[in-house]
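For reference, the chains in residue letters:
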Amino acid sequence: MIRVGIIGASGFAGGELIRLVTQHPELELTFLGGSSNVGRRPAELHPGLRLDLGLTIEAVTDLSGRCDVVFLATPAPASAELAARLADQVPCVIDLSGAFRIRTPELHERWYPQVERQAELADRFVYGVPELVGDQLVGASLISLPGCYATAITLGLAPLTLGLGLNLKTVLVDGKSGSSGGGIQLRTADLHPLRAGAIAPYAPVGHRHAAEVGDFLDRSKPGTIGRLTMSAYGVSHVRGLLASSYVFTDDAVDARELQRAYLRFYKNNRFVRVRRNTETLIPVPDPQAVLGSNYCDVTVLHDPEGERIVVLAALDNMVKGAAGQGIQALNLRFSLPEETGLTMQPVMPA
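Nothing here was measured: the structure is a model prediction, and the numbers come from that model. (Residues numbered from 1 in each chain as written. Predicted model: local features only at pLDDT ≥ 70, side-chain atom pairs only at ≥ 80, totals over all residues. Heavy atoms only, no water.)

Student: Where do I start with the overall build of the protein in this structure?
Tutor: Within the protein one finds eleven helices and 13 strands. For the protein, the C-alpha radius of gyration of 20 Å lies close to 20 Å, the compact-globule estimate for 350 residues. Overall size of the protein, expressed as C-alpha extent along the three principal axes, is 60 × 45 × 40 Å. Within the protein, buried positions represent 55% of all 350 residues. (Helix = DSSP H or I, 4+ residues; strand = E, 2+ residues; numbered from the N terminus. Rg over C-alpha atoms; globule rule 2.2 N^0.38 Å. Buried < 20%, exposed > 50% of the residue type's maximum accessible area, 1.4 Å probe, protein only.)

Put into structure tokens, the structure is as follows:
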């Protein structure tokens, strides 16, 4: 069995990791770490998890010999400090925060000015998009998971840049996500009377997840991206997000070529479903059609009148956008079948 530790076990992502780890046939949960909830049982913090794990939240000390892999479901500043401590204590650290997602130092400082990290340590992290860098995850000691929006955007754009090798002049991303993406900390804007029914433009002129996508794809040729910018909105869902990317390029494409390119690019990937948006009772991708699963649904459309490509990508931000993708990366890291522990189908209606 692979021994797993989770630090930040009291948060939403931490709870989702506990749920997925405890149903995985090859994993054993051996450590739960935190600070403000030391001594409490997981079932106290996560009402859906009535499990007798024999574990309580502990302060993080030396984990040598206790874990084979540790997930950091902590804020970025805490992850930067913890990763430095744990890098030489455990064989593998998988970070769910933004501390190590952006490789370029100047870009990191712009979007994460409060996160001080060791440059040498940052260079050792693999940016963990399993579908795109799976071979780099095998045996990796440090893995930085993409953000939830970044996962959807990257999986949506990769067939254009990495598959077709297109040069994208401009990419405009419209992102809409549920309230769980904001984490467990209480903010006035997240109070139910203000959030219910809302479409709140919380990042209308830029988002750091777009910056990490640009940083990753800039280093992943053959295609290029000139400008990539994003507007993000909070909606009244709890789970799920939709990233709509409007792509402008001088390269000639048509609808049939695009559909074939996406099907070809993802034909061997279990968790990316390339869809026609009219194939079901409701237009897809729709976040509610992936909730509770590790799927990302992707649709590509050609808009000749607007001279643009429209790419839509939907996922559950708590699963494929966080904990599920973490388990997927772990499976690849330890040479397990990629789908192990992740075969659950979406729950709908939800």
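Resuming the write-up.
Student: When you look at a positive patch on the surface in this model, what are you seeing that I'm missing?
Tutor: A grouping of Arg256, Arg260, Arg264 and Lys267 is seen on the molecular surface, where their side chains present a positively charged patch. Mapped onto the elements of the fold, Arg260 is located in helix α10 (residues 255–265). (Patch = residues over 30% accessible without salt bridge, like charges linked within 9 Å, V, L, I, M, F, W, Y side chains within 5 Å. Areas by Shrake-Rupley, 256 points an atom, 1.4 Å probe, with all protein chains shown as cover. Salt bridge = Lys/Arg side-chain N within 4 Å of Asp/Glu carboxyl O. Lys, Arg positive; Asp, Glu negative; His and termini not counted. Charge placed at Lys NZ, Arg CZ, Asp CG, Glu CD.)

Student: Would you explain the packing of helix α6 (residues 130–137) against helix α11 (residues 319–333) in this entry?
Tutor: The description of two helices packed together rests on the angle between their axes and the distance between the axes. Where α6 meets α11, the axes come as close as 9 Å, and the angle between the chain directions of the two elements is 35 degrees. Crossing handedness for the pair α6 and α11: right-handed. Residue-level contacts link Pro130, Glu131, Gly134 and Leu137 of α6 to Lys320, Gln325, Gln328, Ala329, Leu332 and Arg333 of α11. The class makeup of the residues in the contact of α6 with α11 is four nonpolar, three polar and three charged. (Axes fitted to C-alpha atoms, helices over the stretch in contact; angles between N-to-C directions. Left-handed = near helix turned anticlockwise from the far one by under 90°. Contact = heavy atoms within 4.5 Å. Nonpolar A, V, L, I, M, F, W, Y, C, P; charged D, E, K, R; others polar.)

Student: Any chance you could explain the sheet that holds strand β2 (residues 27–33) here in plain terms?
Tutor: One key point about sheets: their strands pair by backbone hydrogen bonds, in either a parallel or an antiparallel sense. Taken together, the six strands give an open sheet; going across it, the order is β2-β1-β3-β4-β6-β5, and neighbouring strands pair in parallel fashion. Strands at the two margins of the open sheet, each flanked by one partner only, are β2 and β5 (126–127). With four bridges connecting them, strand β3 (residues 69–72) and strand β4 (residues 92–95) associate as parallel partners. Opposite Val70, over in β4, you have Val93 as the bridge partner. Most of the contacts of helix α3 (residues 76–86) go to β3, to which it runs at about 170 degrees, and overall it touches β1 (2–7), β3 and β4. (Pairing = 2+ DSSP bridges.)

Student: It is not clear to me how the sheet that holds strand β13 (residues 308–315) should be interpreted in this structure. Could you clarify?
Tutor: Spatially, seven strands are ordered β8-β9-β7-β10-β13-β12-β11 in an open sheet, and the strand pairing comes out mixed. Strands at the two margins of the open sheet, each flanked by one partner only, are β8 (199–203) and β11 (272–274). Taking each pair of neighbouring strands and ignoring which way they run, the sheet shows an average axis angle of 25 degrees. Together, β11, β12 (296–303) and β13 form the strand contacts of α10, whose direction differs from that of β12 by roughly 160 degrees.

Student: Sorry, what's going on with helix α7 (residues 148–163) here?
Tutor: Each full turn of the α-helix corresponds to 3.6 residues, which orients residues three or four apart in the same direction. Under the 1.5 Å per step criterion, the end-to-end length of α7 is 22 Å for 16 residues, consistent within 8% with the ideal 22 Å. If you look at α7, its biggest bend is around 45 degrees, right at Leu157, and the proline Pro159 turns up within four residues after that. Along α7, 14 of the 16 residues are buried, which leaves the element largely enclosed by surrounding structure. Phi for Gly165, located one or two positions after α7, is positive at around 70 degrees. (Expected span 1.5 Å × (residues − 1). Bend = angle between axes of the 7 residues up to and from the residue.)

Student: How should I be thinking about the packing of aromatic side chains in this particular structure?
Tutor: Given two aromatic rings, their pairing is described by the distance between the two centres and the angle made by the two planes. Counting across every chain of the model gives four aromatic pairs. Centre to centre, the rings of Phe100 and Phe125 are 4.1 Å apart; their planes meet at 10 degrees, and the pair counts as stacked. With Phe100 in the loop between β4 and α4 (105–111) and Phe125 in the loop between α5 (119–124) and β5, this pair connects stretches of sequence that are 25 residues apart. Comparing Phe100 with Phe125 shows no difference in burial state: the two are buried. Note on Phe271 and Tyr295: the rings are 6.0 Å apart at their centroids and 55 degrees apart in plane angle, and the pair reads as tilted. Residue Phe271 is located in the loop between α10 and β11, and its partner Tyr295 is located in the loop between β11 and β12; the two are separated by 24 residues in the primary sequence. On the basis of relative accessibility, which here comes to 9%, the residue Tyr295 falls in the buried class. Over the face of the ring belonging to Tyr233 we find Lys176, whose NZ or CZ atom lies 5.1 Å from the ring centre. Positioned above the aromatic ring of Tyr295 is the side chain of Arg273, whose terminal nitrogen or guanidinium carbon lies 4.3 Å from the ring centre. (Phe/Tyr/Trp six-rings, centres within 6.5 Å; stacked < 30°, edge-to-face > 60°. Lys NZ or Arg CZ within 6 Å of the ring centre and 35° of its normal.)

Student: Could you clarify how one ought to interpret the environment of Glu338 in this entry?
Tutor: Within the secondary structure layout, Glu338 lies in the segment after α11. With 86 residues separating them along the chain, Glu338 and Ala252 place their C-alpha atoms 35 Å apart. Once residues within four sequence positions are removed from consideration, Glu338 is found in contact with Pro130, Phe271, Gln328, Asn331 and Leu332.

Student: Which parts of the structure should I look at to understand the pattern of salt bridges?
Tutor: Applying the stated criterion to the full structure yields 18 salt bridges. Notably, a salt bridge pairs Asp215 with Arg219, separated by 3.3 Å at the nearest N-O pair. According to the relative accessible area criterion, Asp215 is buried, its value standing at 5%. Since its relative accessible area comes to 40%, Arg219 is described here as partly exposed. For Arg275, the salt bridge is made with Asp297, and the minimal N-O distance between the two is 2.9 Å. Taken together, the residues Arg275 in the loop between β11 and β12 and Asp297 in strand β12 connect sequence positions 22 residues apart.

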